[in-house]
Amino acid sequence: MVIADKKTRVESEVTKKQEGSRLYQPFRALGYITSSIPHSIQYRGQAAFITAGIGRSFHIYDSEKINLLFVGPRFDADVVSVLSIGDETFVSSGGQVTICQRAKRVGELESVSRGEISNLMQFGDYIIAISEDNAVVIWNRVTRELFTEIEFESESFRVTAVVHPSTYVNKIVIGSAQGSMQVWNIQTRRCLYEFKSFGSGIACLVQAPVIDVLALGLLDGRILLHNVKLDSPVMQLAQEGRVTALSFRTDDVPMMATSNAEGDVALWDLNNKRLLHVLQGAHDSTIPSIEFLAGQPLLLTSSADNSIKEWLFDGQDGVPRLLRHRSGHFAAPQMIRYHDDEGRCILSAGRDRSLRYFSVFRDAQNVELSQGSLAREARARKVKVNELRLPQISQFASNPAMTKDWDDVITCQQNSTNAHTWSSDRKALGKYTLMSSDKSVIKSVAISACGNFGFLGLTSGVIEMVNMQSGLSRRTFIGHTKVVTGIQTDACNQQMYSTSLDGTLRIWDFATGKQMHCVELPSPPSRLMLHRESGLLACICDDACVRVVDSESQRVVRKFAGHRNRITDLAFSNDGRWIVTASLDSTIRTWDLPTGHMVDWFKVESVPVSLAFSPAGDFLATAHMDSVGIFLWANRTQFAEVSLRQINPAVDLSGEAADAALLTMPTTAGLSADDDGAEQQPIESTADEQNGVYLAAEQLTDNMVTLSSLPKSKWQTLLNLATIKKRNKPEMAPKAPELAPFFLPTVLGTEPRFDLEAKTDKKDGADDKPVERSRISTASAVSGLVRALYRGQETMSFAAVFEYLKELNPSAIDLELRTLPVDDNLRAVKAFIQASTAHLRSKRDFELVQAYLQVFLNVFGDIIKANADDLEPLLVELRKESKSQWSTIDGLIRYSACMVEFMRTSK
């Protein structure tokens, strides 16, 4: 089922399969930038565009601002290599090379059964790649057909790199893991020359700016510049760690850049054959590709740490500075929470020891909250930047109420006695470092609803309250005997709630710090969440259950059990009706609080560790154990009618043991117009489910009164129609403007003047009287229906009268009821009373029937009184039905009481 625009409702005629989750649809992923796959650069005029593989898709960025331009389609397997040529992008995935244009599939190269295809490279009109079974495969790019294949023996020559030497026609140089190279002619498929081993495996091959010279990056860290024509060395350099990529400047500066697997970039002065500078810790992981932009002093690096960086060489010393970058988590997020009240941004704390800000709508606004000038300090100490970051954040809390005034985020780190404040406005570390009073480790934090106070939960069981503006301690809450695992405060700063491993939930007086209540829980709670509007507290307990406590009655009102492993996180829906839980059993379950039932569940490929529900109710955000991104799932109830029937996970509809359906994770591409969810597993439908949409019964039970789905103003306007017409009646009739003659008369004289006193004569036969309106027919359409009903026609039903009235506006309804004929022994009046009685008996459209009866009795009250004996049987039935329903929903409509009283006295 496709999630369309909010203004568009999903129709019941949709015939697509219902996916494994009733409530959630995969929407998109946030925070993915690059991976360990080498990027590819294509030039369009002066502009350069970067193509980077991401999981099972790819991204295209512009080099000017590193803005995301296109997201490729989702492939069946992980992307292994990408190559951009003009408008085409060649993507190797699952042993097949797919051709895309503007991120849309347009074709494929002829398939070969050689396993994964890597190291895609352009050679004129040919595409060259290395196969998993140690062969060099060559396709014709124009015809997309296989041109030739060159096979090697793995024991003697394991292919690792391929390059085309400039000006060498039909020649390629192939490097091996054994350290030797071979020159091949692709037309004749002959090996022309083989170089001796260089003593270490060849990791990469690049053409140097000088003809006949190739640059070799070896696994032992050596960089060789070798003349392939003379088979003689030109230069030899060495760096720390194996060489993963290298590139040459092309703006008349003799410089070479190399990278290693530790994330360092070395810059070499080729004139003096010496090391110029080392960008130590340029990235936090291996750098698979680096490249100088053509004719520009810009070095582009991409890394497996999920970042792209551009370095500008604008200094005299040749040392570059970081010009711009785009990055995300390079280790999985551990905790995510929505920060604002509109659901526009998400705060995420990851295992990479960073706190990041993600925008749901604009990826360009994603940023890491600064921890200071770590890069400068790392260069001074000669250590990596990651070693200077704060320890990994174990828990954080935020409140945007006082964002413009002082810090609005507080965090606690693993095994740390300090908590830190942050500013989401400045996107940086805040002013204060908060230390625990008894030197114990801080395990939990919280911020009050007003944003003025922060709370620290210690391993000693003490809770400290601090002022967020001054950083000073204000109050201490003493009562817990073990680690405090969760802290929450109400909306009015009246009460504070806390949980601890001592198995209790305690309620404290916010102003005095005294304990008010203590709730004993059967199992120690590990996390606490509060829905402030309803006052419900949800506790994750160590027995894989969620217990919901009412803060007013201090009682456990709900218990949700069913997860097969430890629960990692939970979240309330924005309206407080659902609780969503994530578990180590890889399932995400949704529980309905009013009924206490599980209404949705699904399984994901990676274990979910944290989740958050949007304050707007449109998205569920999840973070997973082995994924660096944040995944958004669209809430289907925002766009379509969804069944909330109970799900029993023990057995399925056939009576066999059931398991949750496995859903495909969202991608950065989001939902497309042709995404029909075919990859999702359908849910078995019952007789009440048609076309993937559950159709609720019109009447849940015969003992309930059902209202119509029409707007409230429909019947309220009808009851007050006379007052509205009187209020809107103009004070005086509009006066038509006096018509001016086409030719203005003039006065005789030497000077032309207009005769302003002259009056135009009316044309012959003109009539000043207004045109009379055509006489309105007094025949009512309702009268035709009720007359037919009264004669007992079997092809019609009483509901037809009210279905017709529903389609009319209030003025038309008033006219239809007032024009009911009173001839033929009040046949039409009797029929309408009988139709109203039957519709009341069906207990449908209660408020509409009462409104129609009010108008009907106001118009025909005198006639009913005059013919009370004739109408008595019908009035008795009408009064009986109206009274029984009125007692059911007492106080709903004030006019019903008037109607009942009128019929009681009319007898």
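Being a predicted model, the structure only gives us computed values, none of them experimental. (Residues numbered from 1 in each chain as written. Predicted model: local features only at pLDDT ≥ 70, side-chain atom pairs only at ≥ 80, totals over all residues. Heavy atoms only, no water.)

*Asks:* Could you give me a rundown of the overall build of the protein, with the residues and numbers involved?
*Replies:* When helices and strands are tallied, the protein shows ten helices and 60 strands. When each of the 907 residues of the protein is scored for burial, the buried share is 51%. Considering only contacts in the protein between residues 6 or more positions apart, those separated by 24 or more positions represent 48%. Here the protein displays about 43600 Å² of accessible surface, and carbon together with sulfur accounts for 48% of that area. (Helix = DSSP H or I, 4+ residues; strand = E, 2+ residues; numbered from the N terminus. Buried < 20%, exposed > 50% of the residue type's maximum accessible area, 1.4 Å probe, protein only. Contact = heavy atoms within 4.5 Å. Areas by Shrake-Rupley, 256 points an atom, 1.4 Å probe, with all protein chains shown as cover.)

*Asks:* Can you break down the packing of helix 2 (residues 712-719) against helix 8 (residues 846-866) residue by residue, with the values?
*Replies:* Here helix 2 crosses helix 8 at 10°, and the two axes come no closer than 9 Å. By the criterion of interaxial angle, the relationship of helix 2 to helix 8 is roughly parallel. With respect to the hand of their crossing, helix 2 and helix 8 are arranged in left-handed fashion. Where helix 2 abuts helix 8, its residues Trp715, Leu718 and Leu719 lie against Glu847, Leu848, Ala851, Tyr852, Gln854 and Val855. (Axes fitted to C-alpha atoms, helices over the stretch in contact; angles between N-to-C directions. Parallel < 35°, antiparallel > 145°, perpendicular 65-115°, else oblique. Left-handed = near helix turned anticlockwise from the far one by under 90°.)

*Asks:* So what's going on with the environment of Val278? Which residues, and what values?
*Replies:* On the secondary structure map, Val278 appears in strand 25 (residues 274-279). You can call Val278 partly exposed: its relative accessible area is 37%. On a C-alpha basis, the gap between Val278 and Thr258 in space is 9.5 Å, while along the polypeptide they are 20 residues apart. The residues contacting Val278, other than those within four sequence positions of it, are Asp264, Val265 and Ala266.

*Asks:* Could you give me a rundown of the layout of surface pockets, with the residues and numbers involved?
*Replies:* Here the largest pocket defines a volume of roughly 1700 Å³. In terms of lining residues, the largest pocket is bounded by 49 residues, among which Pro38, His39, Leu120, Leu205 and Val206 are the most central. Listing elements by their share of the lining of the largest pocket, those giving two or more residues are strand 2 (40-44), strand 6 (79-85), strand 10 (117-123), strand 14 (159-163), strand 18 (202-207), strand 22 (243-248) and strand 26 (289-292). Classifying every residue of the lining of the largest pocket gives 30 nonpolar, 17 polar and two charged. (1 Å grid on protein atoms, 1.4 Å probe; cavity = no way out; pocket = protein on both sides within 12 Å on 5 of 7 lines; lining within 4 Å. Points joined across faces, edges and corners; volume = space filled by probe spheres on them. Nonpolar A, V, L, I, M, F, W, Y, C, P; charged D, E, K, R; others polar.)

*Asks:* Can you tell me about the sheet that holds strand 32 (residues 355-359), naming the residues and giving the values?
*Replies:* The strand order 30-31-32-33 describes an open sheet built from four strands, whose pairing is antiparallel. Every interior strand has two partners, whereas the edge strands, strand 30 (333-338) and strand 33 (367-368), have only one. (Pairing = 2+ DSSP bridges.)

*Asks:* I'd like a rundown of the sheet that holds strand 47 (residues 536-541), residues and numbers included.
*Replies:* The sheet built from four strands is open, its strands ordered 46-47-48-49 with antiparallel pairing. Edge positions in the open sheet fall to strand 46 (525-531) and strand 49 (555-561), since each of these has one partner strand only. Looking at each pair of strands side by side, their axes are set apart by 20° on average, direction ignored. In the sheet, strand 46 pairs with strand 47 via six bridges, with the strands oriented antiparallel. Bridging from a neighbouring strand, Pro525 pairs with Cys541 of strand 47.

*Asks:* Pulling in residues and values, what's your account of the pairing of strand 25?
*Replies:* Here five bridges tie strand 24 (residues 265-269) to strand 25, and the two strands are oriented antiparallel to one another. Bridged to Trp268 within strand 25 is Leu275.

*Asks:* Explain the side chain of Asn635 to me, and be specific about the residues and the numbers.
*Replies:* Inspection of the secondary structure puts Asn635 in strand 56 (residues 630-635). A distance of 2.8 Å separates the side chain of Asn635 from the side chain of Thr637, its partner in a polar contact. Apart from residues no more than four positions distant in its own chain, Asn635 is found in contact with Leu23, Tyr24, Trp578, Phe613, Gly617 and Asp618. (Polar contact = N/O pair within 3.5 Å; in protein donor to acceptor, adjacent residues only side chain to side chain.)

*Asks:* A description of the nonpolar core should follow, citing residues and the corresponding values.
*Replies:* Residues Phe802, Leu805, Ile813, Phe832, Tyr852, Phe856 and Ile864 are the most contacted members of the largest nonpolar core, which totals 32 residues. Counting residues per element, this core draws most heavily on helix 8, which supplies eleven residues. Listed in part, the 21 residues of the second largest apolar core include Tyr24, Tyr32, Leu620 and Leu663. (Core = buried A, V, L, I, M, F, W, Y, C linked by side-chain atoms within 4.5 Å.)

*Asks:* So what's going on with helix 8? Residues and values would help.
*Replies:* Its 21 residues place the ends of helix 8 28 Å apart at the C-alpha level, agreeing with the 30 Å of an ideal helix rising 1.5 Å per residue. The largest bend along helix 8 measures about 70° and falls at Phe860. Summarising burial for helix 8: 15 of the 21 residues are buried, a large majority. (Expected span 1.5 Å × (residues − 1). Bend = angle between axes of the 7 residues up to and from the residue.)

*Asks:* So what's going on with the environment of Asp569? Which residues, and what values?
*Replies:* Position of Asp569 relative to the elements: it lies in strand 50 (residues 567-572). Taking the relative accessible area as the measure of exposure, Asp569 reaches 0% and is therefore buried. Sequence separation between Asp569 and Leu528 is 41 residues; the distance between their C-alpha atoms is 9.4 Å. Beyond its immediate chain neighbours, meaning those up to four positions away, Asp569 contacts Arg337, Arg527, Ile540, Val580, Thr581, Ala582, Val609, Ser610 and Leu611. Among the polar contacts listed, one links the side chain of Asp569 to the side chain of Arg337, at a separation of 3.0 Å. Side chain to side chain, Asp569 and Arg527 meet in a polar contact 3.2 Å long.

*Asks:* So what about unusual backbone geometry? Which residues, and what values?
*Replies:* Phi at Arg189 is positive, roughly 55°, even though this residue is not glycine. For Arg189, a relative accessible area of 45% corresponds to the partly exposed category. Not every positive phi belongs to a glycine, and Asp845 is a case in point at roughly 50°. Looking at where Asp845 falls in the secondary structure, it is placed in the loop between helix 7 (823-841) and helix 8. With relative accessibility at 9%, the residue Asp845 sits in the buried group.

*Asks:* Give me the packing of aromatic side chains: which residues, what numbers.
*Replies:* The geometry of an aromatic ring pair comes down to the distance between the two centres and the angle between the two planes. Within the structure shown, the criterion is met by 18 aromatic pairs. Aromatic pair Tyr126 and Phe147: ring centres 4.7 Å apart, planes at 50°, arrangement tilted. Of this pair, Tyr126 sits in strand 11 (residues 126-131) while Phe147 sits in strand 13 (residues 146-151); the two residues are 21 residues apart in sequence, bridging distant segments of the chain. Each residue in the set Phe453, Phe455, Phe477, Trp508 and Phe510 is aromatic and connected to the rest through ring pairs, giving one cluster. Positioned over the ring face of Tyr357 is Lys427, at 4.5 Å from the centre of the ring. (Phe/Tyr/Trp six-rings, centres within 6.5 Å; stacked < 30°, edge-to-face > 60°. Lys NZ or Arg CZ within 6 Å of the ring centre and 35° of its normal.)

*Asks:* Talk me through the side chain of Lys309; I want residue IDs and the actual numbers.
*Replies:* Following the sequence through the fold, Lys309 ends up in strand 28 (residues 307-312). The side chain of Lys309 is buried and forms no salt bridge, while Asp305, the nearest opposite charge, is found at 5.2 Å. Here the side chain of Lys309 touches Ala282 through a polar contact of 2.6 Å, landing on its backbone oxygen. When near neighbours in sequence (up to four residues on either side) are disregarded, Lys309 contacts Ala282, His283, Leu299, Leu300, Thr301, Leu322, Arg324 and His325. (Lys, Arg positive; Asp, Glu negative; His and termini not counted. Salt bridge = Lys/Arg side-chain N within 4 Å of Asp/Glu carboxyl O.)

*Asks:* I'd love a proper account of the packing of helix 7 against helix 8, names of residues and values included.
*Replies:* The N-to-C vectors of helix 7 and helix 8 enclose an angle of 155°; their axes lie 11 Å apart at closest approach. Between helix 7 and helix 8, the angle is such that the two are roughly antiparallel. Every pair of crossing elements has a handedness; the one defined by helix 7 and helix 8 is left-handed. Mapping the contact onto sequence places Leu826, Val829, Phe832, Ile833, Ser836, His839 and Leu840 in helix 7 and Phe846, Val849, Gln850, Tyr852, Leu853, Phe856, Phe860 and Ile863 in helix 8. For the contact of helix 7 with helix 8, the residue count by class is twelve nonpolar, three polar and no charged.

*Asks:* Describe the pattern of salt bridges, naming the residues involved and giving the relevant values.
*Replies:* Side-chain pairs of opposite charge can arise whenever the charged atoms involved come near each other. In the structure shown here, the tally under the stated rule is 28 salt bridges. Between Arg222 and Asp220 there is a salt bridge; the shortest N-O distance is 2.8 Å. Relative accessible area serves as the criterion here: at 40%, Asp220 is assigned to the partly exposed category. One salt bridge connects Glu377 with Arg381, and the closest N-O pair in it is separated by 2.8 Å. Placement of the pair is Glu377 and Arg381 together in helix 1 (residues 374-381), with a separation of four residues, close to one helical turn. A relative accessible area of 31% places Glu377 in the partly exposed class. Accessibility expressed as a relative area gives 54% for Arg381, which makes it exposed.

*Asks:* Which residues make up the pairing of strand 40 (residues 463-467), and what values do they have?
*Replies:* With five of five residues buried, strand 40 lies mostly within the body of the structure. In strand 40, alternate side chains face the same way, and those of Ile463, Met465 and Asn467 on one face and Glu464 and Val466 on the other are all buried. By the bridge criterion, five bridges tie strand 39 (residues 453-458) to strand 40 in an arrangement that is antiparallel. The partner of Leu456 across the bridge, within strand 40, is Glu464. Taken together, strand 39 and the strand that follows it, strand 40, pair antiparallel across an intervening segment of four residues, in which Gly461 is found at a positive phi of about 95°. Of the pairings in the sheet, the one linking strand 40 to strand 41 (residues 473-477) comprises four bridges and is antiparallel in character. Considered in strand 41, the bridge of Met465 is made with Arg475. Between strand 40 and strand 41, which pair antiparallel and follow one another directly, the connecting turn spans five residues, one of which, Gly471, has a positive phi of 75°.

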